[in-house]
Structures are given as structure tokens and as C-alpha cells.
Amino acid sequence: MRRPLVAGNWKMNGSLESVRNLLDGIKRGIDEVKNADVAVCPPFVFIPETEKLLAGSVIGWGGQDLSIESSGAYTGEVAASMLNDFGCQYVIVGHSERRTYHAESDELVAKKYAAAQAAGLVPILCVGETLEEREAGVTEQVVARQLDALINLAGVESLTDGVIAYEPVWAIGTGKTATPEQAQDVHAFIRGRVAAKSAEVADGVRILYGGSMKPDNAKELIGKPDIDGGLIGGASLKAEDFLGICTAAN
Ligand code: PGA
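Criteria and cut-off values
- Residues numbered from 1 in each chain as written.
- Predicted model: local features only at pLDDT ≥ 70, side-chain atom pairs only at ≥ 80, totals over all residues.
- Heavy atoms only, no water.
- Buried < 20%, exposed > 50% of the residue type's maximum accessible area, 1.4 Å probe, protein only.
- Helix = DSSP H or I, 4+ residues; strand = E, 2+ residues; numbered from the N terminus.
- Arc of directions from axis to C-beta.
- Contact = heavy atoms within 4.5 Å.
- Axes fitted to C-alpha atoms, helices over the stretch in contact; angles between N-to-C directions.
- Parallel < 35°, antiparallel > 145°, perpendicular 65-115°, else oblique.
- Left-handed = near helix turned anticlockwise from the far one by under 90°.
- Nonpolar A, V, L, I, M, F, W, Y, C, P; charged D, E, K, R; others polar.
- Core = buried A, V, L, I, M, F, W, Y, C linked by side-chain atoms within 4.5 Å.
- Right-handed = clockwise from strand over helix to strand, strands pointing away.
- Pairing = 2+ DSSP bridges.

This next bit is on helix α2 (residues 47–54). Burial in α2 covers these residues: Ile47, Glu49, Thr50 and Leu54. Summarising the axial view, the buried residues of α2 lie within an arc of 155°, below the 170-degree limit, and thus occupy one face. On the buried face of α2, the contacting elements are α1 (16–29), β2 (37–41), β3 (59–63) and α3 (80–85). Phi turns positive one or two residues past the end of α2, at Gly56, with a value near 85°.

If you want it as C-alpha cells, here you go:
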């Protein structure tokens, strides 16, 4: 039985004050959630405050990105060891916004995943097709290419302690959620692709769904056999909504 994971991706949102309020709200409701892992991924600058407020709670935290380098002249970058210094357990890699706005390639994303894992972080590898790609009928090819870049670089075993997030780009921040069946189809495809290399790894790897997940659609999505939780953007910025999704996963 895979334990569900619900991770909040706050993207570039919040202020010190709103972060404090949000974490306070999440902490107050989290005791009910015993059968799912929960984490938040704030902007880098809010991670120290997040550590301070979440230390000793059941809620984990992590970054939204990291560098493949360990230190040096890389202006604006953040290394895995720096995330370690502030107690991060997770880091998102290859979010579609990074792939689109920062031209991150499948290969770079795979290297980020490996760098995170080498530092003891749990990477959350985002994959997913654009609307154009879905309409062209190449969803599986796109997701396979993104996944294979990692398997080719780091081996299928790298997924043993990692997480995959299927996030159809057309569903992110648009209010257009994939239907549970659409999502389940791609999740099953991803698991099958991992299983072709290792049935054991495929059985254990958590595959999250992301893209306009909300309290009122979370239960049906997470109820599908290959959907093991969610990567939540917009709804993770309101304690009540985020807790609603955590409760659905629970
Ligand atoms: P959304 O974002 O929940 O706002 O659609 C999900 C994500 O981008 O991780």
C-alpha cells in the first residue's frame, strides 16, 4: 500500500506575514490527517521561517527547484546542501513553469533530480503534456520522454525514494482538472513504463496528480488506483482548501 503524499507548491506567492498565517492554519487542522504525508514548498526565502514554524510537526517542507551544482559562481542558484541546511525533505524538479519559462530540458531536469537525491532530498519529478500535445495524441510519448531522461541518467532505482507528479500543463492554474479517468490513464501508463524496468520500483513509487486539484475533486482523483496524492498549486495557498485535500487523501 502506497502512503499518499499531498504537497503544496506555493510558487512565487506570499509574504512573511501570509506565510505565517498559512502555516498556522495548516498546523491547526493537520492532526486529523494520519494516513497521508503532507508537505509545503514555499519560495526559497520563506524556507527558514517555514522550518521554524513546522519543526516538530508532521508537515514536511521543501524547495521548488535547485541547482545541479554544489557551489560556486552560479548567480541566483540554490544548492541541495542549502536546502538540507534548512531541514528540507523534498524538492520539486522539472515543473512545467520551469521547463517553459527557464527552458529546462529533460536532461537538465534529470540532473536536478539526481543532485537532489544525492543530497538525501526526495525529488518530486514533474511530467506532463501541453494542450497541443494532448490534442495531437502524443501525451504518452511526451511523458515517456520526460521519464526516460531520468531513467537513462540515474537508473530506474532512482525512483525508489523519489516521487513523480503527473501535471497536464493545460490543467495547471486553469481550473480545468483532468477527469479522474484521464489522469488514471496516464498514471497507469507511467507506472507501466517504470514496471517495464522494475516491477518492484513501479509498485512503490508514488505518482501524484497536479493541475487544479481542489477539495471537491481530490477524493475522486486520489481514489483512483494509480493516483497516490497531489501536487497542489492554487489550493495550497488557503489553509482550508489545502487541508480539505489532505483530508481527502487521508
Ligand atoms: P494548480 O497548480 O493546482 O494551481 O493547478 C499545480 C502545480 O502547478 O503544481
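What follows deals with unusual backbone geometry. Negative phi characterises most residues that are not glycine, and trans characterises most peptide bonds. A positive phi angle is found at Lys11, which is not glycine, with a value near 55°. Mapped onto the secondary structure, Lys11 falls in the loop between β1 (5–9) and α1. We note that Ala103 has phi near 50°; this positive angle belongs to a residue other than glycine. For Ala103, a relative accessible area of 64% translates into the label exposed.

So, on to the packing of α1 against α2. Close contact between α1 and α2 brings their axes to 10 Å; oriented N to C, the two are set at 30°. Put simply, α1 runs roughly parallel to α2. Here α1 runs over α2; the crossing is right-handed. Note on element contacts: α2 touches α1 through Glu49, Thr50, Leu53 and Leu54, opposite Leu16, Val19, Arg20, Leu23 and Lys27. Across the contact of α1 with α2, the residue classes break down as 5 nonpolar, 1 polar and 3 charged.

Counting through the fold element by element, Gly8 comes out in strand β1. The class of Gly8 is buried, set by a relative accessible area of 0%. Placed 53 residues apart in sequence, Gly8 and Trp61 show a C-alpha to C-alpha distance of 8.9 Å. Leave out the neighbours within four places in its chain, and Gly8 touches Ala39, Val40, Cys41, Ile232, Ser236 and Phe242.

What follows covers the nonpolar core. Residues Ile26, Leu159, Ile164, Ile190 and Tyr209 are the most contacted members of the largest nonpolar core, which totals 65 residues. No other element matches helix α11 (residues 239–249), which puts 7 residues into this core. Setting aside its immediate chain neighbours within four residues, Ile190 contacts Val127, Val143, Leu147, Ile164, Tyr166 and Ile207. Ala7, Cys126, Val163 and Leu208 belong to the second-largest nonpolar core, a separate cluster that totals 12 residues.

Let us now look at the pairing of strand β4 (residues 90–93). Across the two faces of β4 the burial is the same, with Tyr90 and Ile92 and Val91 and Val93 all buried. The handedness of the β3 to β4 crossover, carried by α3, is right-handed. Where β4 lies against strand β5 (residues 122–127), 4 bridges are found, and the strand directions are parallel. Looking at β5, one finds that Val93 is bridged to Leu125.

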